[in-house]
Amino acid sequence: MDTLRQSPSPCSSRPSSPRTPPCETPAPVGIEAVLDQLKIKAMKTGFEFNIMVVGQSGLGKSTMVNTLFKSKVWKSTLPAPGVPTPQTLQLHSVTHVIEEKGLKLKLTVTDTPGFGDQINNSNCWEPILGYINEQYEQYLQEEILITRQRHIPDTRVHCCVYFVPPTGHCLRPLDIEFLQRLCRTVNVVPVIARADSLTIEEREAFRSRIQKDLKSHCIDVYPQKHFDEDVNDRILNSKIRERIPFAVVGADQEHLVNGRCVLGRKTNWGVIEVENMEHCEFPLLRDLLIRSHLQDLKDITHNIHYENYRVVRLKESHQLPRGPGWVNLSPVNLAPTSAGQPTTPRPSKARKRAQEEPKYEF
Amino acid sequence: MVAGESGLGKSTLVHSLFLTDLYKDRKLLSAEERINQTVEILKHTVDIEEKGVKLKLTIVDTPGFGDAVNNSECWKPISDYVDQQFEQYFRDESGLNRKNIQDNRVHCCLYFISPFGHGLRPVDVGFMKALHEKVNIVPLIAKADCLVPSETRKLKERIREEIDKFGIHVYQFPECDSDEDEDFKQQDRELKESAPFAVIGSNTVVEAKGQRVRGRLYPWGIVEVENQAHCDFVKLRNMLIRTHMHDLKDVTCDVHYENYRAHCIQQMTSKLTQDSRMESPIPILPLPTPDAETEKLIRMKDEELRRMQEMLQKMKQQMQDQ
């Protein structure tokens, strides 16, 4: 490993490890050393992941975040009884650094208290869209500077987890309105919250109705069909798509079940184990967000959603950057209709445009 | 009357309470149909007979309540309905034929509070404040099987605090007489302490510990609806049907209806003095659609009166001339 540190060029002809016996085949070029280099670099810089949780109060958003990252990332604060809920949606973010085996993850969780809690919820999604676009704008401003930082701090929302209340019937008008608007700007993963109030049959029926609703309203949730790169992706993602939305239960207390210590909720009729696939689908959500698709979420946010935003913004200011020229952006109007999404509701067109442009190496 | 957001298990609870399936042919609306849905009022009437005692049960459902994106004043159709029933009864009571008055007034409103919130939501407060002077409101915590016991306790306390803070008058259980036996007093105390009731409903019968019980089958256990340790369903059923049904009707008659009637009469008399018309001995009711029969009768009597007055006038004239 020491040899690698001294010669970082990928054309090094020294084998990375004594895996291949040198006398059998001609010595390999050693390209696989790149993986190790990437790993070392990642260990040094760490990862960033920004997640937003949206849903009505009481659906277990903060508990879910704590359960996902197995640490008290978030402590939800309840307003005093009788205090009226604030009229406008206040978003607030908390950043934590989680470390596992030497790898650091800078996790930012943005909560949206008060979403959908008012009597009149018209346009309650606007502060959220505004926030997301603001993050894109910040990144864009950093990107178009003449002398820009080596590593632009990435505060863009990589994933928005939307909590659907377990009514058992179908999506509510508020859910549909929100999802339609947000799927064009950010990766949305809908989940059925507090799924311990639904039996297995009710859960399946609810899930199929939600899937039907999503299809009929052309809401494209993550993982989006268009972005499957190859057959393997498609197979993997289809399996996920069949189970979306996941029925999840969150818990941050441990109980003793059959001699094992499990995370769960203890009721008078049994213990709901959060990590038990027969009880709820929390492991699927965790695997999707962290173990298998974390990098993919970031890639799609950067390559597609952010690019869409950038194209719209630059077209608005009627100037595209040519070389190291200084681009004057017109004053930003962060209203959701004019930035971050095409003016006509045809999301597929914007994505095709982005795909035609040269893909960024990330 | 049952009120609350959709998906809180209202129809299932009604089914469990009265063991009748009133919603066999119900078609759940899809999300698109719900976008433009307004609050409807649906009445289902069923005759229940048990051991010779007949009960005509009317259940008023309020689909669409609290479902839209903008729910301002979504309780207005419900409030209007309750007023309409009072008005109907008022008319019938002041009418000529009082033998067969049908009492359609709402005796009790079961309001379903979502267990997922942290207490009362603005919609809940708005609804209860609009209707607490018109009908007996019994708040319930719906779908209580998603709460662990400590959460249920906390939620009940919080809801009780908020009800006090917002000044909402929910249905109060009457005090029991001092000469009742201890058991009864204990029961009564337990009842008052468990309000609002945390209920679970079920349409299915499952097998638990060798017995067939009404419940919900989960992979982690079976929730029995009639088990007092699992939920307050039994308390609710006893309260509603076995012990407090008559009191609910009495409070509706004596308090809510009388309030409505006094308010109505006050309005009418103030209107009359405003119009400065001669006050008639019998208050004229502001009837939107008076009964056809009685109207004909009144018209006939009016005609007769007028004819008699004309004749009197003529006779007077003749006498004066003479």
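Residues numbered from 1 in each chain as written. Chains lettered and ligands numbered in written order. Predicted model: local features only at pLDDT ≥ 70, side-chain atom pairs only at ≥ 80, totals over all residues. Heavy atoms only, no water.

Section: the sheet that holds strand E9 (residues 270–273) of chain A
All names here are of chain A. If you walk across this open sheet you meet the three strands as E7-E8-E9, and the pairing is antiparallel. The sheet terminates laterally at strand E7 (254–257) and E9, the two strands that pair on one side only. Mean inter-strand twist for the sheet, computed between neighbouring axes without regard to direction, equals 70°. Bridge count between strand E8 (residues 260–267) and E9: four bridges; the pairing is antiparallel. Within E9, the position partnered with Gly264 by the bridge is Glu273. (Pairing = 2+ DSSP bridges. Helix = DSSP H or I, 4+ residues; strand = E, 2+ residues; numbered from the N terminus. Axes fitted to C-alpha atoms, helices over the stretch in contact; angles between N-to-C directions.)

Things to note about unusual backbone geometry
All names here are of chain A. With an omega dihedral of -5°, the bond running from Tyr222 to Pro223 counts as a cis peptide bond. Along the chain, Ile244 connects to Pro245 via a cis peptide bond; the corresponding omega equals -5°. As for its position among the elements, Pro245 is in the loop between helix H7 (231–243) and strand E6 (246–247). Its identity as a non-glycine residue notwithstanding, Lys101 has a phi of 55°, on the positive side.

Describing the nonpolar core
One recurring pattern in soluble globular proteins is that nonpolar side chains are buried together. With 150 residues, the main nonpolar core has Leu110 and Phe127 of chain B as its most contacted residues. When residues in this core are grouped by element, the largest group, seven residues, is from helix H4 (residues 126–143) of chain A. (Core = buried A, V, L, I, M, F, W, Y, C linked by side-chain atoms within 4.5 Å. Buried < 20%, exposed > 50% of the residue type's maximum accessible area, 1.4 Å probe, protein only.)

With respect to helix H9 (residues 294–316) of chain A
In this model H9 of chain A runs 32 Å from its N-terminal to its C-terminal C-alpha over 23 residues, within 8% of the 33 Å that 1.5 Å per residue would give. Within H9 of chain A, the axis deviates most sharply at Thr301 of chain A, by approximately 35°. (Expected span 1.5 Å × (residues − 1). Bend = angle between axes of the 7 residues up to and from the residue.)

Brief notes about a negative patch on the surface
Residue and element names in this part refer to chain B. A cluster of acidic residues, Asp177, Asp179, Glu180, Asp181 and Asp183, forms a negative patch at the surface. Turning to its location among the elements, Asp177 is positioned in the loop between helix H5 (149–166) and helix H6 (182–193). Assessed through its relative accessible area of 47%, Asp177 is described here as partly exposed. (Patch = residues over 30% accessible without salt bridge, like charges linked within 9 Å, V, L, I, M, F, W, Y side chains within 5 Å. Areas by Shrake-Rupley, 256 points an atom, 1.4 Å probe, with all protein chains shown as cover. Salt bridge = Lys/Arg side-chain N within 4 Å of Asp/Glu carboxyl O. Lys, Arg positive; Asp, Glu negative; His and termini not counted. Charge placed at Lys NZ, Arg CZ, Asp CG, Glu CD.)

What about the pattern of salt bridges?
Scanning the model with the defined rule gives 32 salt bridges over all chains in all. A salt bridge links Arg286 of chain A to Glu275 of chain A, with the shortest nitrogen-to-oxygen separation between them at 3.1 Å. With a gap of 11 residues between them, Arg286 of chain A in helix H8 (residues 282–292) and Glu275 of chain A in the loop between E9 and H8 connect regions that are remote in the sequence. Of the residues examined, Arg286 of chain A reaches a relative accessible area of 11% and is grouped as buried. Residue class for Glu275 of chain A comes out partly exposed when judged on its relative accessible area of 35%. When the shortest N-O distance is used, the salt bridge between Glu182 of chain B and Arg189 of chain B registers 3.8 Å.

Re the packing of aromatic side chains
All names here are of chain A. In this structure the tally under the stated criterion is 15 aromatic pairs over all chains. On the numbers, 6.1 Å between centres and 85° between planes, the contact of Phe115 with Tyr162 is edge-to-face. On the criterion of sequence distance, the pair formed by Phe115 in the loop between strand E3 (103–111) and H4 and Tyr162 in strand E4 (residues 159–164) is long-range, its members being 47 residues apart. A relative accessible area of 0% means that Phe115 is categorised as buried. You can call Tyr162 buried: its relative accessible area is 1%. Geometrically, the ring pair formed by Tyr136 and Tyr306 is tilted, given 6.2 Å between the ring centres and 55° between the ring planes. Of the two residues, Tyr136 is situated in helix H4 and Tyr306 in helix H9; the sequence distance between them amounts to 170 residues. (Phe/Tyr/Trp six-rings, centres within 6.5 Å; stacked < 30°, edge-to-face > 60°.)

Here's the deal with the confidence of the model for chain B
All names here are of chain B. Chain-level statistics for chain B give a pLDDT mean of 81 and a share of 87% at 70 or above. By mean pLDDT, helix H2 (residues 31–35) is the weakest element of chain B at 55, and strand E4 (residues 109–113) is the strongest at 92. Prediction confidence for the complex, expressed as pTM and ipTM, is 0.76 and 0.73 respectively. (pLDDT = per-residue confidence, 0-100.)

Here we look at the packing of H4 of chain A against H9 of chain A
All names here are of chain A. The contact between H4 and H9 brings their axes to 10 Å, and the two run at 80°. Between H4 and H9, the interaxial angle falls into the category roughly perpendicular. In this structure, H4 uses Asn133, Tyr136, Glu137, Tyr139, Leu140 and Glu143 to contact H9, whose residues at the interface are Thr301, His302, His305, Tyr306, Tyr309, Arg310 and Arg313. Its residues assigned to classes, the contact of H4 with H9 shows five nonpolar, four polar and four charged. (Parallel < 35°, antiparallel > 145°, perpendicular 65-115°, else oblique. Contact = heavy atoms within 4.5 Å. Nonpolar A, V, L, I, M, F, W, Y, C, P; charged D, E, K, R; others polar.)

Some remarks on the interface of chain B and chain A
Contact with chain B, which involves 46 residues of that partner, is made by 48 residues of chain A. Regarding the contact of chain B and chain A, the summed buried area is about 4,100 Å², with carbon and sulfur atoms giving 60% of it. It is Val69, Phe116 and Trp220 of chain B that lose the most area in chain B upon contact with chain A, and together they represent 20% of the buried surface on that side. Summed over the shared surface of chain B and chain A, the number is two salt bridges. (Buried area = accessible area lost by both parts, 1.4 Å probe.)

Overview of the sheet that holds strand E8 (residues 211–218) of chain B
Residue and element names in this part refer to chain B. Sheet architecture is open: three strands sit in the order E7-E8-E9, paired in antiparallel fashion. Looking at the sheet topology across the chains shown, the edges are occupied by strand E7 (205–208) and strand E9 (221–224). Taken over all neighbouring pairs, the strand axes of this sheet differ in orientation by 70° on average, direction set aside. Across four bridges, E7 lies against E8 in antiparallel orientation. By the bridge assignment for E8, Glu207 is matched with Arg212.

Re the environment of Ile300 of chain A
Residue and element names in this part refer to chain A. Structurally, the position occupied by Ile300 is in helix H9. Under the relative-accessibility criterion, Ile300 is labelled buried at 7%. Setting aside anything within four residues of it in sequence, one finds Ile300 in contact with Asn187, Tyr222, Gln224, Phe227 and His305.

Comments concerning the UniProt feature "site: Important for dimerization" (unreviewed entry) in chain B
When the UniProt feature table is mapped onto this chain, "site: Important for dimerization" (unreviewed entry) is found at Phe116 of chain B. Looking at the secondary structure, you find Phe116 of chain B in the loop between E4 and helix H4 (122–131). Each residue touching Phe116 of chain B, except ones within four places of it in the same chain, is listed here: Ser57, Gly58, Leu59, Pro166, Arg194 and Ser197 of chain A together with Cys146 of chain B. (UniProt positions renumbered as here; feature names shortened; annotations may be inferred.)

Brief notes about the packing of helix H6 (residues 200–216) of chain A against H7 of chain A
All names here are of chain A. Between H6 and H7, whose axes approach to 9 Å, the crossing angle comes to 110°. The orientation of H6 with respect to H7, classified from their angle, is roughly perpendicular. From H6, Glu204, Arg207 and Gln211 reach across to H7, where they touch Arg241, Glu242 and Arg243. Classifying every residue of the contact of H6 with H7 gives no nonpolar, one polar and five charged.

With respect to the pairing of E4 of chain B
Residue and element names in this part refer to chain B. Burial analysis of E4 places five of its five residues in the buried class, which makes it a mostly covered element. Alternating positions in E4 separate into two faces, Cys109, Tyr111 and Ile113 on one and Leu110 and Phe112 on the other, with burial throughout. Taken together, the two bridges between strand E1 (residues 2–3) and E4 define a ladder with parallel strand orientation. Residue pairing for E4: Val2 is matched across the bridge by Leu110. Summarising the sheet, E4 and strand E5 (residues 137–141) pair through five bridges and their orientation is parallel. For Ile113, the partnering residue across the bridge sits in E5 and is Ile141. What joins E4 to E5 is H4, and the crossover it makes is right-handed. (Right-handed = clockwise from strand over helix to strand, strands pointing away.)

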